[in-house]
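Coordinates in review
The chain contents come next:
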Amino acid sequence: MEQNEDVVSEARSEAEGAQDSRSLYEVKMKYLGKAGKVTGLLKRMKEVPAEERPAFGKRINDLRVKLESHFAALEEKMKQKELARKLASERIDVTMPGKRREKGAEHPVTRVKNQLIDIFAGMGFEVFEGTEIESEYYNFTALNTPADHPARDMQDTFYVTDEFLLRTQTSAGQIRMMEKKSPPIKMLCPGRVFRSDDDATHSPMFHQMEGLVVDKGVTLCDLQGMLDEFARAMFSRSSKTRLRPSYFPFTEPSVEVDVSCAACGGKGCSLCKGTGWIEVLGAGMVNRRVLENCGVDPDEYTGFAFGMGIERIAMLKYGINNIKLLTENDVRFLKQFQE
Ligand code: PHE
């Protein structure tokens, strides 16, 4: 009988020590399972004198019932404890601020380029992208700029070999397009260009947007009409353009195009240096020699072309005073152009 009591207290203290339901279950089986210690006590019945057996059996049974309810209570407590532990570990503080995901912004040059494409695509232009390495022929010769032509000095060129160079202007796209397709042509050619030039408003690499229209009866008025539309869409609904005579070997007549200053509305301010106008691009009627070079009959077709610096437009539009800001990729600067 004493042994029996020992088994009970042994079982209890072992059960108290169980850390989780699994080990508690193991303890339970150790005592109450088929091969358990309490069951083992019953097997010793035969050592007990016959008259004491019923009382002995009853004692062990009582003991088993007591232990069973003790385990049941412990199991319940353990379940509560484990649930509490689980809830604590999965706790979510709904009042914590959310994780912010940094949103990127379109680079101002990409933005202006896409806006330009939108504006001119609306007028029926298709986009053609040439290559950054061009031959001298496409970049100069076919554009009516032979080797000894003084206009080559206007653009300081990076040569790759005697024949190939980094294109100095997207105008090379004009030739490529006219060789590829016969009129009517309405082409937009965006891309990187390169010149050995470096100061606050010039960078050795920058972007241009070329435009070319070739068809029957195209005039300078068509050019100005389209550029007016461009200026209104890009700068302000009240923007106007002004053409001034200029010179490019591939256009005749050639013009420099000014847009009325959007900062002061044309009254004159520091941005436009008091003139009310800002120079934004070069343009003109395609020189008949260029048409001939591309196999287009200049007596049948006429055309106009324009070329603008995308950085320049971005600087004017967003009031950026140094072109280097556009290539330094300082996130604090670029972030300002978010929607
Ligand atoms: N290619 C000229 C430049 O880079 C711009 C231009 C393009 C002028 C088309 C007239 C016509 O300065």
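A brief look at the structure comes next. Values in this document were obtained by computation on a predicted structure and should not be read as measured data.

1. Concerning the side chain of Ser254
Relative to the helices and strands, Ser254 is located in strand E7 (residues 251-260). Note on Ser254: relative accessible area 5%, which makes it buried. At a separation of 3.1 Å, a polar atom in the side chain of Ser254 contacts the main-chain amide nitrogen of Phe248. With residues up to four places along the chain from it excluded, the contact list for Ser254 reads Arg244, Pro245, Ser246, Tyr247, Phe248, Ala283 and Gly284.

2. Things to note about the packing of helix H1 (residues 2-16) against helix H4 (residues 53-89)
For any two helices packed against each other, the geometry comes down to the angle between their axes and how far apart the axes lie. As a packed pair, H1 and H4 sit with axes 11 Å apart at the nearest point and diverge in direction by 10 degrees. It follows from the interaxial angle that H1 and H4 lie roughly parallel. Contacts between H1 and H4 pair Asn4, Glu5, Val8, Ala11, Arg12, Ala15 and Glu16 from the former with Phe56, Arg59, Ile60, Leu63, Lys66, Leu67, His70, Phe71 and Leu74 from the latter. Tallied by class, residues from the contact of H1 with H4 come to 9 nonpolar, 2 polar and 5 charged.

3. What about the nonpolar core?
In terms of nonpolar packing, the biggest core is built from 43 residues, with Leu116, Phe120, Phe230, Leu281, Phe306 and Met308 touching the most fellow members. Where this core is concerned, the elements lending two or more residues are helix H5 (108-121), strand E5 (205-215), helix H8 (220-234), E7, strand E8 (277-286), strand E9 (302-309), helix H10 (310-318) and helix H12 (331-334). Formed by 22 residues, the second largest nonpolar core is a distinct cluster that contains Ala142, Ile175, Val214 and Phe248.

4. Things to note about H8
Relative to the 21 Å expected for 15 residues at 1.5 Å per residue, H8 spans 21 Å between its end C-alpha atoms, a close match to the ideal helical length. The residue sitting at the N-terminus of H8 and contributing the capping side-chain oxygen is Thr219; that oxygen lies 3.2 Å from the backbone nitrogen of Cys221.

5. Quick word on the packing of aromatic side chains
The relative placement of two aromatic rings is captured by the distance of their centres and the angle of their planes. Counted by the stated rule, this structure contains 8 aromatic pairs. Within the aromatic cluster, the residues linked to one another by ring pairs are Phe120, Phe125, Phe230, Phe235 and Phe306. We note Arg176 situated over the ring of Tyr138; from NZ or CZ to the ring centre the distance is 3.5 Å.

6. Considering the site of the ligand
Near the ligand you find 15 residues, and of these Gln169, Ser171, Arg195, Gln208 and Glu210 are the closest. Between the ligand and the protein, one listed contact pairs a nitrogen atom with a side-chain N or O atom of Gln169 at 2.9 Å. A distance of 2.8 Å is found between an oxygen atom of the ligand and a side-chain nitrogen or oxygen belonging to Arg195. Among the cavities detected, the one that contains the ligand is the largest pocket. In terms of residue count, the dominant contributor to the shell around the ligand is E9 (3 residues). When grouped by side-chain class, the residues that make up the shell around the ligand number 5 nonpolar, 8 polar and 2 charged.

7. Observations concerning the packing of H1 against helix H2 (residues 21-32)
Closest axis-to-axis distance for the H1/H2 pair is 9 Å, and the angle between their directions is 170 degrees. Classified by the angle their axes make, H1 and H2 are roughly antiparallel. Of H2, the residues touching H1 (which contributes Val7, Glu10, Ala11, Glu14 and Ala15) are Leu24, Val27, Lys30 and Tyr31. When grouped by side-chain class, the residues that make up the contact of H1 with H2 number 6 nonpolar, no polar and 3 charged.

Calculation rules
- Within every chain, residues take consecutive numbers counted from 1 along the sequence as written.
- Local features in this predicted model are restricted to residues of pLDDT 70 or higher, and side-chain atom pairs are both shown and tallied only at a pLDDT of 80 or more, whereas totals for entire chains, interfaces and linings draw on every residue.
- Calculated side-chain values reflect all of the structure's heavy atoms, with hydrogen atoms and water omitted.
- Numbering of helices and strands starts at the N terminus; helices are DSSP runs of H or I of at least 4 residues and strands are runs of E of at least 2.
- Three exposure classes are used, based on accessible area relative to the maximum for each residue type with a 1.4 Å probe and protein chains only: buried under 20%, partly exposed in between, and exposed over 50%.
- Nitrogen and oxygen atoms within 3.5 Å of one another constitute a polar contact, given that in protein one can donate a hydrogen and the other can accept it, and given that sequence-neighbouring residues count only through two side-chain atoms.
- Two residues form a contact once any of their heavy atoms are found within 4.5 Å.
- Only the stretch in contact is used when a helix axis is fitted, and all axes are lines through C-alpha atoms; the angle between N-to-C directions ranges over 0 to 180 degrees.
- Put simply, angles under 35 degrees are roughly parallel, angles over 145 are roughly antiparallel, angles from 65 to 115 are roughly perpendicular, and the rest are oblique.
- Classification used: nonpolar for Ala, Val, Leu, Ile, Met, Phe, Trp, Tyr, Cys and Pro, charged for Asp, Glu, Lys and Arg, polar for all others including Gly.
- Put simply, a nonpolar core is a bunch of buried Ala, Val, Leu, Ile, Met, Phe, Trp, Tyr and Cys residues held in one set by side-chain atoms that sit within 4.5 Å of each other.
- One less than the residue count of a helix, multiplied by 1.5 Å, gives the span that helix is expected to have.
- Any two of the Phe, Tyr and Trp rings considered here, Trp counted by its six-membered ring, make a pair once their centres fall within 6.5 Å; the pair's planes then place it as stacked at under 30 degrees, edge-to-face at over 60, or tilted in between.
- Comment: the charge-over-ring label is applied if NZ (Lys) or CZ (Arg) is within 6 Å of the ring centre and within 35 degrees of the ring normal.
- Whether a residue is near a molecule or strand depends on its heavy atoms: it is near if one of them lies within 4 Å of it.
- Only protein atoms enter the 1 Å grid used here, on which a cavity is any set of points holding a 1.4 Å probe that cannot leave and a pocket is any open set flanked by protein within 12 Å on both sides along at least five of seven lines; residues with an atom within 4 Å of a point are listed as lining.
- To be counted as sitting in a cavity or pocket, a molecule needs more than half of its atoms within 2 Å of that site's grid points.

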